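Letter by letter, the chains look like this.
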Amino acid sequence: MKIEQALKEKIASALLELYQTSLPVVKLEKTNADFEGDYTFVVFPLLRASRKNPEQTAAEIGEKLALSAELVHSFNVVKGFLNIVIRENIWSEFLQKEWNNPAYALSPGTGKKVMVEYSSPNTNKPLHLGHIRNILLGYSVAEIMKATGYAVTKANLVNDRGIHICKSMLAWQRFGNGETPENGIKGDHLAGKYYVIFENALRAETEEVIKAALSGDFTGTDAAIQPKLAELYAILSNPENKEEKKEKARDEIKETIRNHSPLMQECQEMLRQWEAGNPDVLHLWKTMNGWVYDGFDVTYKRLGVDFDKWYYESNTYTLGKDIIEEGLSAGVFYRRDDGSVWIDLTAEGLDHKLVLRKDGTSVYITQDIGTAELKYRDYGLDQSIYVVGNEQDYHFKVLFQIMRRLGRPYAEGMHHLSYGMVDLPSGKMKSREGTVVDADDLLDEMHATAREKTIELGKTEGLEEAALNELFEKLGLAALKFFILKVDPKKRMLFNPSESIDFQGDTGPFVMYTYARIQSVLRQAGEGWQSAPVAGELHTTEKETLECLYAFPEVLHNAARDLSPALICQYALDLAKAFNRIYSELSLLHETDPARRATRLKIASFTAQSLKMSMNLLGIKEVERM
RNA sequence: GACCUCGUAGCUCAGCUGGAUAGAGCAACUGCCUUCUAAGCAGUAGGUCACAGGUUCGAAUCCUGUCGGGGUCGCCA
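Residues numbered from 1 in each chain as written. Chains lettered and ligands numbered in written order. Predicted model: local features only at pLDDT ≥ 70, side-chain atom pairs only at ≥ 80, totals over all residues. Heavy atoms only, no water.

1. Details of the overall build of chain A
Looking only at helices and strands, chain A features 21 helices and 15 strands. The dimensions of chain A, computed from C-alpha atoms along their principal axes, are 90 × 65 × 50 Å. Burial analysis of chain A (626 residues in total) assigns 50% to the buried set. With the model as given, the accessible surface of chain A reaches about 29,900 Å², and the carbon-plus-sulfur share is 50%. (Helix = DSSP H or I, 4+ residues; strand = E, 2+ residues; numbered from the N terminus. Buried < 20%, exposed > 50% of the residue type's maximum accessible area, 1.4 Å probe, protein only. Areas by Shrake-Rupley, 256 points an atom, 1.4 Å probe, with all protein chains shown as cover.)

2. Some words on the packing of helix α7 (residues 187-214) against helix α11 (residues 279-303)
Viewed as axis vectors pointing N to C, α7 and α11 meet at an angle of 125°, and their least axial separation amounts to 6 Å. Judged by the angle between their axes, α7 and α11 are oblique. Residues Gly187, Asp188, Leu190 and Ala191 of α7 touch α11, and the partners they reach there are Met288, Trp291, Val292, Gly295, Phe296 and Thr299. (Axes fitted to C-alpha atoms, helices over the stretch in contact; angles between N-to-C directions. Parallel < 35°, antiparallel > 145°, perpendicular 65-115°, else oblique. Contact = heavy atoms within 4.5 Å.)

3. Thoughts on the protein's contact with RNA strand B
The environment of RNA strand B is made up of 59 residues, and the closest members are Phe81, Asp338, Lys459, Tyr513 and Lys577. Within 4 Å of the protein, the contacting atoms of RNA strand B are 60% sugar and phosphate, with bases supplying the remainder. Contact between RNA strand B and Asp488: a phosphate oxygen at 2.7 Å from a main-chain N or O atom of the residue. With respect to RNA strand B, the side chain of His590 contributes an N or O atom lying 2.6 Å from a sugar or linking oxygen. Where the surface near RNA strand B is concerned, the elements lending two or more residues are β2 (39-42), β4 (81-86), β15 (493-494), α18 (508-524) and α20 (565-585). With seven residues, the top contributor of residues to the surface near RNA strand B is α18. Classifying every residue of the surface near RNA strand B gives 25 nonpolar, 15 polar and 19 charged. (Near = heavy atom within 4 Å. Polar contact = N/O pair within 3.5 Å; in protein donor to acceptor, adjacent residues only side chain to side chain. Nonpolar A, V, L, I, M, F, W, Y, C, P; charged D, E, K, R; others polar.)

4. A few points about helix α5 (residues 129-147)
Look at α5: 27 Å from first C-alpha to last across 19 residues, which is about the 27 Å you get at 1.5 Å a residue. Of all the 19 residues making up α5, 18 are buried; the element is thus mostly covered by neighbouring parts of the structure. Directly beyond the C-terminal end of α5, a positive phi value near 95° is found at Gly149. (Expected span 1.5 Å × (residues − 1).)

5. Digging into the nonpolar core
A general trend in soluble globular proteins is that nonpolar side chains are found buried together. Core analysis: the biggest nonpolar cluster contains 147 residues, and Phe41, Ile61 and Leu129 have the highest contact counts within it. Each of domain 1 (3-86) and domain 2 (475-617) contributes no fewer than three residues to this core. Membership of the second largest hydrophobic core comes to 27 residues, among which are Val332, Val363, Tyr386 and Phe400. (Core = buried A, V, L, I, M, F, W, Y, C linked by side-chain atoms within 4.5 Å. Domains from an automatic or database assignment.)

6. Some points on the sheet that holds β2
If you walk across this open sheet you meet the four strands as β1-β2-β4-β3, and the pairing is antiparallel. A single partner strand is all that each edge strand has here, and the edge strands are β1 (28-30) and β3 (72-78). The average undirected angle you get between the axes of adjacent strands in this sheet is 30°. Pairing of β2 with β4 involves four bridges; the strand directions are antiparallel. Across the sheet, residue Tyr39 finds its bridge partner in β4, namely Ile84. In the packing of helix α1 (residues 3-19) onto the sheet, contacts are made with β1, β2, β3 and β4, and the angle to β2 comes to roughly 30°. (Pairing = 2+ DSSP bridges.)

7. Some thoughts on the domain arrangement of chain A
By the assigned domains, chain A splits into domain 1 (3-86) and domain 2 (475-617). Averaged C-alpha coordinates put domain 1 and domain 2 at centres separated by 31 Å. Domain 1 puts five residues into the contact, and the matching count from domain 2 is four residues. The largest contributions to the domain 1 side of the interface with domain 2 come from Ile3, Lys30 and Asp38, which together make up 71% of the buried area. Linking domain 1 with domain 2 are two salt bridges. Two residues, Glu547 and Lys30, come together in a salt bridge whose shortest N-O distance is 3.7 Å. Across the contact surface, domain 1 and domain 2 share two residue pairs in polar contact (both at pLDDT 80 or more). (Buried area = accessible area lost by both parts, 1.4 Å probe. Salt bridge = Lys/Arg side-chain N within 4 Å of Asp/Glu carboxyl O.)

8. Things to note about the sheet that holds strand β7 (residues 309-312)
Spatially, five strands are ordered β7-β6-β5-β11-β12 in an open sheet, and the strand pairing comes out parallel. Edge positions in the sheet fall to β7 and β12 (414-419), since each of these pairs with one other strand and no more. Recorded for the sheet is a direction-independent mean angle of 25° between the axes of neighbouring strands. Sheet topology places strand β5 (residues 113-117) next to strand β6 (residues 151-158); five bridges connect them, and they run parallel. By the bridge assignment, Val114 is partnered in β6 with Val152. Along the sheet, α5 makes contact with β5, β6, β11 (383-389) and β12, crossing β6 at roughly 160°.

9. As for the packing of aromatic side chains
Applying the stated criterion across every chain yields a total of 24 aromatic pairs. A ring pair is formed by Trp91 and Tyr550, whose centres lie 5.6 Å apart and whose planes are at 90°; its orientation type is edge-to-face. On the criterion of sequence distance, the pair formed by Trp91 in helix α4 (residues 88-98) and Tyr550 in helix α19 (residues 540-562) is long-range, its members being 459 residues apart. For the pair Trp91 and Tyr550, a shared accessibility class is recorded, and that class is buried. Across from the ring centre of Tyr317, 4.0 Å away, lies the NZ or CZ of Arg161, which sits over that ring. (Phe/Tyr/Trp six-rings, centres within 6.5 Å; stacked < 30°, edge-to-face > 60°. Lys NZ or Arg CZ within 6 Å of the ring centre and 35° of its normal.)

10. A word on the state of the cysteines
Evaluated as defined, the whole model comprises zero disulfides. Here Cys166 is not cross-linked by a disulfide; its sulfur's nearest cysteine counterpart is in Cys267, at 5.2 Å. With a relative accessible area of 2%, Cys166 lands in the buried category. With a relative accessible area of 0%, Cys267 lands in the buried category. (Disulfide = S-S within 2.5 Å.)

11. Topic: the pairing of β4
Buried residues dominate β4, accounting for five of its six residues. The pairing of β3 with β4 spans six bridges and is antiparallel. Within β4, the residue paired with Val78 across the bridge is Phe81.

See the structure below:
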């Protein structure tokens, strides 16, 4: 049943008949709430063909539709707007047909294979709020695509190797005194703790040296970098240079000294040992990463997300080199005199990009070329979605273009789900300044807030402690997830740690509440209504709720197309609000007319089912009572 | 400097493939629980859609410029 589609066809044939004209697309809009009608057709573009004023044109088309279409009840014209009222029995027939269809809004499988890669953490630090946005988006998009008929693989590409991991390892070796997570601290937090210890030690070690270097005294620095430092210092001390340029030089001096400090050199040595397969280093690495995985696992479980496939950079970081070789002989890449390998993407409005260092080792993008190929080989993907922050927009533009140049069949199916950063009132979260919002802490806070609010409302009666805890956990998670997912993924969003996330208004708990309230009604409704016929006439609120329900399949389709759970959030709110209006204006259980009672209960049941599906697509778990 | 992106109510966000009088929620104020869960419903107030031009029947939406925020331009990931 496609009301809109049918109506569009009717309009198209009316236009042909009346004015011997057609439109490339017949556009229908939902009628503005202030006017009577369900759908609105705008006639302004037709005035040239009709040679009549807007009102007359709209009226003519309206007449035609009313005569020929069995789905049009009536119409009215306001200026150039033709408002069409659909016959009411269309809505009640829709209700009767679909209210109990468990597959409503789901699409039959096209079987297209898609991988959604999300989370993809580093193993040297615990997860924070930024990761949470990534994780929730990835999980929800994967679920949405499943519901629209894709075969989805959720993947996590763990960055488990590299200099940052070695920092944690080295600090633990030096200052750890054998500390393990068994002593209480969660594994990922333990690795993070030593990462911070390393950074602090590095700062302590280099502070004085940097200070001296900034005033031209290079004692204590590595002899190898002194010429470079002298060069930078010349820029810094030249009064003719702009402050901006000086600032850059200053930063570079700091970076250079840090990177060549004894501690960093030791760290780099550790990385070399790791790559060379030194058993002691490997053992430490495995142990520490193991702790981190155990820690992540707890957080993932608590968030209710999962993965079908794990990739580890320690396994994949050397991939891609073969493909570079292949592309080199195919002329896609070129080699510079120093031996480094590049691609020229200036034709696409991008730049030259290095794909292999002069020493033949991989860079970040080399790995990504390799894993793209690996993913395709593993699964024969039609689509591959990367949930990664928008700071990497350029990287993915380049990556996708490279895959195209390499003639990879899957290149066209690669998408970057580029999401905005989560900002604090003070700006970006910075780990160096300790402003990151830790994921585990946040989840604890959400739980505590849920408890507080529930007690405030006096809704704890009749529930055991265990059941209450489960409720608090679900409520807190719902509030957090909805808060994050209702914002358009592309946009950056603000989180204010000093204000708790709302539980009232446009929130996850509001949607949960509406669902629980319906469940309560249905528990008391008894039997019989399921098989009773529905009423032919509907109240405005009932019709509005049905219109909302009717739109669900399209909303779901759009959410999958745009990779936007925010559309599902918006839909769930619209539906919940529409139903709550019925609930407050009309009686369900006490309605005496059997057909009207059945109508309302079926709408209630249909709404509950649709809300539940929406919540689940967002990773929110419904509750039967709250 | 170049490129990308954002700027809508006090705050957080919708609306952006051009359509009617720009919408929600929070915060503020007013009503509604001796009928089904008040985490609800109804209402009041709150706007130079950053600014200036342009395109056209019509612009928050498209184009250009200006201002402001963020990001990217690593042989880091």
